[in-house]
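Architecture at a glance
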Protein chains: 2
Amino acid sequence: MNTKNATIADVAARAGVSVPTVSRVLTGAARVSPAKVERVEAAIAELNFRPSAAARTLASRRSQVIAVIAGDTSRYGYAETIRGVEVAARAAGYTVMITVVETADDEEVDRAITATMTQSIAGVVILKFDPPGVAALKRLPADIPVVALSGVRDVGVPQAVLDEARAAEELTTLLLGLGHRTVHHVRVPPSRREDGRTTGWRRALRKAGAPVPETHDAGWEPRTGLEIGRRLAEDPSVTAVFCGNDEIAMGVMRGLADAGLRVPDDVSVAGFDDHPLAEMWSPPLTTAEQDFAGLGRRGFQLLLHVIDDTSDRLYSSERPRIILRESTAAPNPERLRAGAGVAQAAEADDAGREARGA
Amino acid sequence: MNTKNATIADVAARAGVSVPTVSRVLTGAARVSPAKVERVEAAIAELNFRPSAAARTLASRRSQVIAVIAGDTSRYGYAETIRGVEVAARAAGYTVMITVVETADDEEVDRAITATMTQSIAGVVILKFDPPGVAALKRLPADIPVVALSGVRDVGVPQAVLDEARAAEELTTLLLGLGHRTVHHVRVPPSRREDGRTTGWRRALRKAGAPVPETHDAGWEPRTGLEIGRRLAEDPSVTAVFCGNDEIAMGVMRGLADAGLRVPDDVSVAGFDDHPLAEMWSPPLTTAEQDFAGLGRRGFQLLLHVIDDTSDRLYSSERPRIILRESTAAPNPERLRAGAGVAQAAEADDAGREARGA
DNA sequence: GTGAAAGCGCTAACAG
DNA sequence: CTGTTAGCGCTTTCAC
C-alpha cells in the first residue's frame, strides 16, 4: 500500500497524460477521449489517489464545504435540524463543518465568524434559534451565501421557517376548545424578546377573549420545568398549561405529579416539537409536531439556490401538525370552581397591567 | 466595507513589509520587531483580513480541522459525544467537520472515508458505537491520526472508552441484590456481536448463579421498546428488566403500563445512560450514568497527543456511576410466585441451550 | 481534445 | 529580524 498520498502529477505520469487532463476527468469540466479517461481512472484507482480539497479550493475558488453555525448541537431541535442539513448536504456532495456560538457576546460571535470565514466555505446555514444565532447572523459578512433557519419569519435573509406561531395558536385554541378558561404558558429561552410559540399562544387567547396570564420562564433543561410545575400546582386557577417544548412539559408534569396533581384529570399539559419520547410518556403528550430535519433539508436546498444564484423564492415554510394525545382533556370542574376566585383577581390584575402598557 | 477578501499580500503592502513577515506575525513562528507587528496588525484590522485556511493548509501541510466520523449525529449518546469533541476542539483552536456513515456497506464506508480524507484534516475522531463506525475505523488509512471512542476497549487504536460492561454488571448486580431471581435484558443495536452492556449483564448473572434469559432486541427508536414491554408483561417470570438505554427503557415501561403492570411494584426497570429525561420520568428511572460529553473531550485530547506524537498512554477510561432512582425495587412476591414455574422451565431450557454451545 | 504556462494565498527554507 | 525565492496540489487560461 502507498503510505503517502499520491498527487495529481503522480496520476498524470502513471496514466501518461498531462496534469490538466487528469483534472478534467476529475471535474468533468471538459471532454476527454474515452481511452485517456480509462487510463486516468485506472491510475487513480491503482494509486488510491484522492484529490486535495485544499488545493482544489485554492485554485478554483470554489468549495464543497458548508458551515452550520449553531448555539448548540446536542439538544433535540438543534441536533435534528443539523442532521437534516447534513443529510441534504451529503446527498449533494457537500461536507458539513460545525461552528458553535455559545453566547451572543461580541467576542464570542467574532471568534465564531472568523473561525467560519477562515475556512473556505461555499456557504453557511445558521440556526437562528437563539440569541447567539441571531447575533451571528447579524455579523456574518454580506458576501457569503447564507440561509437562516428559524421559527419566525424575518426579512432580508433567505430562510427556511417552521411556523411556530401558527402551531402554538392552534394548540392553544384546541386547549381552549376543551373548556379551559385560559391556558398558562411556560416559555423556553426565546431567540429574542418573544418567540413564535409565545406569540401564537397570546394570539389564541386574545382571539378567544381569554385572560392572558403571566408567563413562566424555563431554561433548556427539563428539570427547570420541575420547579415551575410545583408552583403551577399551587395555583388553583391553572387548569391547562402550554409548554415551549416537550422536555420542559415533562419537567412540568413531574412537578405537578410531585404536588399530587394528575394529568390530565387535574391539569392538562401540552408540549411542543413532538419529541420521540412524547408518545412514550405517561400520559402520552399532546404536542405540535415540528419537522426539524425537514427544516434542515429545506435550508440546505435553499442555500444551494443562493450559491447558484437561482434566486426565485428564497423562503420556505411549512404548516405544522397538532398531535392530540392523552395529556390534555376537559378541565376538572372542581378545580375550575376552586380557581374561579383567584382567576378573577388575576384577570383584573392582568387587565390593569395591560392598561398600563405592559 | 471591503467586499472581496483581502490577501496576505494586500496586508503586506499596506503595512509596508514583506509577505513572509505578515505570515510570521500571523503564525507567531518567528520573532518580528514590535514596530512591524503593530503595523501588520493595524493593516489586518483595517482590511478585515482573514487568512485562507485552504492556502495555509496547502503550504504548511498542516490543518486545524478534525473530522468526526459517526453513524448518527442526533441520538442522545452520539450528539453528546460530538458536542464534547467540539467543545474540546474549539478550545484548542480546531474546527470540527462531520462525516456520517449510515451503513457498514463497503460502498457507503468508502464514500465516507473518501469524503473525509479528501479534506486535509489533522486527524479523525471516530464514534465506534455501531457497525458503520467499526467498519469505517477498519478502512481508515493508517497514516492519519485517529482516535476511536466506544463502550468497549479494543486493541490497536488509541481510544477513549466508557466502561459499559462494568456499569452494566454493577447495575444488574444491584437489581439481583434487590431480590430478583434474574434480570431480563433488552438490547439496543450492538456495535458488533455483543455490546459491553450485554456482556456486563451476562457476567453479573453468571457470577450470581442466576439464570441467563434470552435477550430481546430493540431498535434505536423508543417505540421499539413498546412492543417488547408488552411481551415482557405476559411472562410472569419477568420481575426485573435491564434495558440497553433509557429511551428504550421508557418505551418498555410504556408497554408494561399498557398491559396494566406497575413499575416498580410489579416489574423493576433499569435503563442506561442517564438521559436528561430519566429523572423526569414517572417513576424516575434507575440507570447508569454515561459521560458522553466527557468521552468526546477525552477523545479529542487523545487525538491531540496522537497528532503531536506524544504517545505516552493512548487510552482513557472512566468508571461509570450507577444512579438508583424509583423505577427499581424488590420483586413483587406474588409475581415471583406466579413466575416460579415458568422460570424453572426457562432455566432448564437455557441450560440445555448452553450445553449445546449456544 | 490536450498540453504548457501561470497562478490560487500562503508557508518554508534560505540568505543576509 | 527580514526579504527573496520556491513551492504546496490543484484549476485555469490559452495555444495548438
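Residues numbered from 1 in each chain as written. Chains lettered and ligands numbered in written order. Predicted model: local features only at pLDDT ≥ 70, side-chain atom pairs only at ≥ 80, totals over all residues. Heavy atoms only, no water.

Chain A goes by LacI family DNA-binding transcriptional regulator in an unreviewed UniProt entry, where it is assigned to Agromyces allii.

1. Some thoughts on the packing of helix 5 (residues 76-91) of chain A against helix 12 (residues 292-308) of chain A
Residues and elements named next belong to chain A. Where helix 5 contacts helix 12, the axes come no closer than 7 Å and their chain directions differ by 40°. One finds that helix 5 runs oblique with respect to helix 12. Both helix 5 and helix 12 take part in a crossing whose hand is right-handed. Two secondary-structure elements touch here, helix 5 through Y76, G77, E80, T81, R83, G84, V85, A88 and A89 and helix 12 through F292, A293, L295, G296, R297, F300 and Q301. (Axes fitted to C-alpha atoms, helices over the stretch in contact; angles between N-to-C directions. Helix = DSSP H or I, 4+ residues; strand = E, 2+ residues; numbered from the N terminus. Parallel < 35°, antiparallel > 145°, perpendicular 65-115°, else oblique. Left-handed = near helix turned anticlockwise from the far one by under 90°. Contact = heavy atoms within 4.5 Å.)

2. Section: the pattern of salt bridges
Throughout the structure, instances matching the rule amount to 52 salt bridges over all chains. For the salt bridge of E102 of chain B with R90 of chain A, the shortest nitrogen-to-oxygen distance reads 3.3 Å. Residue E102 of chain B is located in the loop between strand 2 (95-100) and helix 6 (106-118), and its partner R90 of chain A is located in helix 5; the two belong to separate chains. Since its relative accessible area comes to 48%, E102 of chain B is described here as partly exposed. Here R90 of chain A falls in the buried class, since its relative accessible area comes to 17%. (Salt bridge = Lys/Arg side-chain N within 4 Å of Asp/Glu carboxyl O. Buried < 20%, exposed > 50% of the residue type's maximum accessible area, 1.4 Å probe, protein only.)

3. A few points about the pairing of strand 1 (residues 65-70) of chain A
Residue and element names in this part refer to chain A. Most of strand 1 is tucked away: 6 of the 6 residues are buried. Residues V65, A67 and I69 line one face of strand 1 and the alternating positions I66, V68 and A70 line the opposite face, and both faces are buried. One ladder, built from 6 bridges, connects strand 1 with strand 2 (residues 95-100); its direction is parallel. Note on strand 2: the bridge partner recorded for I69 is T99. With respect to chirality, the unit in which strand 1 leads through helix 5 into the neighbouring parallel strand 2 is right-handed. (Pairing = 2+ DSSP bridges. Right-handed = clockwise from strand over helix to strand, strands pointing away.)

4. Remarks on the relation of the copies chain B and chain A
Overlay of chain B on chain A (RMSD 0.1 Å): rotation 180°, translation along the axis 0.0 Å. The two molecules are tied by a two-fold rotation axis, judged by turn and shift. Most of the interface of chain B is mirrored in chain A: 100% of its interface residues are interface residues there too. (Least-squares fit on C-alpha atoms with pLDDT ≥ 70 in both.)

5. A look at the interface of chain B and chain A
Contacts between the two partners involve 48 residues from chain B, matched on the other side by 49 residues from chain A. Buried area between chain B and chain A, summed over both chains or domains, comes out near 4400 Å², and the portion from carbon and sulfur atoms is 58%. Between chain B and chain A we count 4 salt bridges in total. With its nearest N and O atoms 2.3 Å apart, the salt bridge here joins R223 of chain A to E279 of chain B. Taken together, the links from chain B to chain A amount to 18 residue pairs in polar contact (both at pLDDT 80 or more). Sorting the residues of the side of chain B that touches chain A by element identifies helix 4 (53-60), helix 5 (76-91), strand 2, helix 6, helix 10 (223-234) and helix 11 (246-258) of chain B as the ones contributing at least two each. Tallied by class, the residues present in the side of chain B that touches chain A amount to 22 nonpolar, 13 polar and 13 charged. As paired elements, strand 2 of chain A and strand 2 of chain B share 3 bridges and run antiparallel to each other. Directly across from V96 of chain A, in strand 2 of chain B, lies its bridge partner I98 of chain B. (Buried area = accessible area lost by both parts, 1.4 Å probe. Polar contact = N/O pair within 3.5 Å; in protein donor to acceptor, adjacent residues only side chain to side chain. Nonpolar A, V, L, I, M, F, W, Y, C, P; charged D, E, K, R; others polar.)

6. Section: the sheet that holds strand 3 (residues 123-127) of chain A
Backbone-to-backbone hydrogen bonds join strands into a sheet, with any given pair of strands oriented parallel or antiparallel. Here 12 strands make up an open sheet; going across it, the order is 11(A)-5(A)-4(A)-3(A)-1(A)-2(A)-2(B)-1(B)-3(B)-4(B)-5(B)-11(B) and the pairing mixed. The open sheet is flanked by strand 11 (315-318) of chain A together with strand 11 (315-318) of chain B, the only strands paired with a single partner. Across the sheet, the axes of successive neighbouring strands diverge by a mean angle of 20°, strand direction being ignored. One ladder, built from 4 bridges, connects strand 1 of chain A with strand 3 of chain A; its direction is parallel. Directly across from V68 of chain A, in strand 3 of chain A, lies its bridge partner V125 of chain A.

7. Points about the protein's contact with DNA strand C
Not every one of the 26 residues close to DNA strand C is listed here, only the nearest: T21 and R24 of chain A together with I8, S23 and R56 of chain B. A distance of 2.9 Å separates a phosphate oxygen of DNA strand C from a polar atom in the side chain of S18 of chain A. Residue T21 of chain A places a side-chain N or O atom 2.6 Å away from a phosphate oxygen belonging to DNA strand C. The set of elements that each furnish at least two residues to the surface near DNA strand C consists of helix 2 (19-27) and helix 4 (53-60) of chain A together with helix 2 (19-27) and helix 4 of chain B. The element that contributes the greatest number of residues to the surface near DNA strand C is helix 2 of chain B, accounting for 5 residues. (Near = heavy atom within 4 Å.)

8. Points about the packing of aromatic side chains
Residue and element names in this part refer to chain A. Inspection of every chain in the model, using the stated rule, returns 13 aromatic pairs over all chains. For the ring pair Y78 and W220, a centre distance of 6.0 Å and an interplane angle of 80° mean the geometry is edge-to-face. One end of the pair, Y78, is in helix 5; the other, W220, is in the loop between strand 7 (216-217) and helix 10 (223-234), with 142 residues separating them in the sequence. Given the relative accessible area of 3%, Y78 is considered buried. Relative accessible area serves as the criterion here: at 25%, W220 is assigned to the partly exposed category. Through a chain of ring-to-ring contacts, the aromatic side chains of Y76, Y78, F129, W220 and F292 assemble into a single cluster. (Phe/Tyr/Trp six-rings, centres within 6.5 Å; stacked < 30°, edge-to-face > 60°.)

9. Section: the UniProt feature "domain: HTH lacI-type" (unreviewed entry) in chain A
Within the UniProt annotation, "domain: HTH lacI-type" (unreviewed entry) is assigned to residues 6-60 of chain A. Taken end to end, residues 6-60 of chain A is 71% helix and 0% strand, and its two terminal C-alpha atoms sit 20 Å from one another. (UniProt positions renumbered as here; feature names shortened; annotations may be inferred.)

10. Here we look at the domain arrangement of chain A
Residues and elements named next belong to chain A. Along its sequence, chain A is carved into domain 1 (3-60), domain 2 (65-162 + 292-320) and domain 3 (164-290 + 322-348). On the side of domain 3, 18 residues touch domain 2, which itself brings 16 residues to the contact. Between domain 2 and domain 3 the total buried area reaches about 1500 Å² when both faces are included, carbon and sulfur atoms providing 55% of it. At the junction of domain 2 with domain 3, the criterion picks out 2 salt bridges. When the shortest N-O distance is used, the salt bridge between R192 and D154 registers 3.9 Å. Of all the secondary structure elements, the ones that give two or more residues to the side of domain 2 that touches domain 3 are helix 5 and helix 7 (131-139). (Domains from an automatic or database assignment.)

11. A closer look at the environment of V32 of chain A
Residues and elements named next belong to chain A. Turning to its location among the elements, V32 is positioned in the loop between helix 2 and helix 3 (34-47). Residues V32 and V22, 10 residues apart in the sequence, show an inter-C-alpha distance of 9.1 Å. Not counting the four nearest positions on each side in its chain, V32 is found in contact with T21, R24, V25 and V37.

12. Let's talk about the confidence of the model for chain A
Close inspection of predicted coordinates is inappropriate in any region flagged by low pLDDT. With 93% of its residues at a pLDDT of 70 or more, chain A has an overall mean of 92. Segment residues 345-358 of chain A is flagged for pLDDT under 50; beyond a separation of four residues in sequence, or across chains, it makes 6 contacts in the model. (pLDDT = per-residue confidence, 0-100.)

13. A closer look at the protein's contact with DNA strand D
Of all residues adjacent to DNA strand D, which total 26 residues, the nearest are I8, S23, R56 and R62 of chain A together with R24 of chain B. Counting only atoms of DNA strand D within 4 Å of the protein, the fraction found in sugar and phosphate groups is 68%. Between DNA strand D and I8 of chain A, the relevant distance is 2.2 Å, taken from a phosphate oxygen to a main-chain nitrogen or oxygen of the residue. Contact distances for DNA strand D include 3.1 Å between a phosphate oxygen and a backbone N or O atom of S52 of chain A. For the surface near DNA strand D, the secondary structure elements donating two or more residues are helix 2 and helix 4 of chain A together with helix 2 and helix 4 of chain B. The leading source of residues in the surface near DNA strand D is helix 2 of chain A, at 5 residues. Partitioning the surface near DNA strand D into residue classes produces 11 nonpolar, 8 polar and 7 charged.

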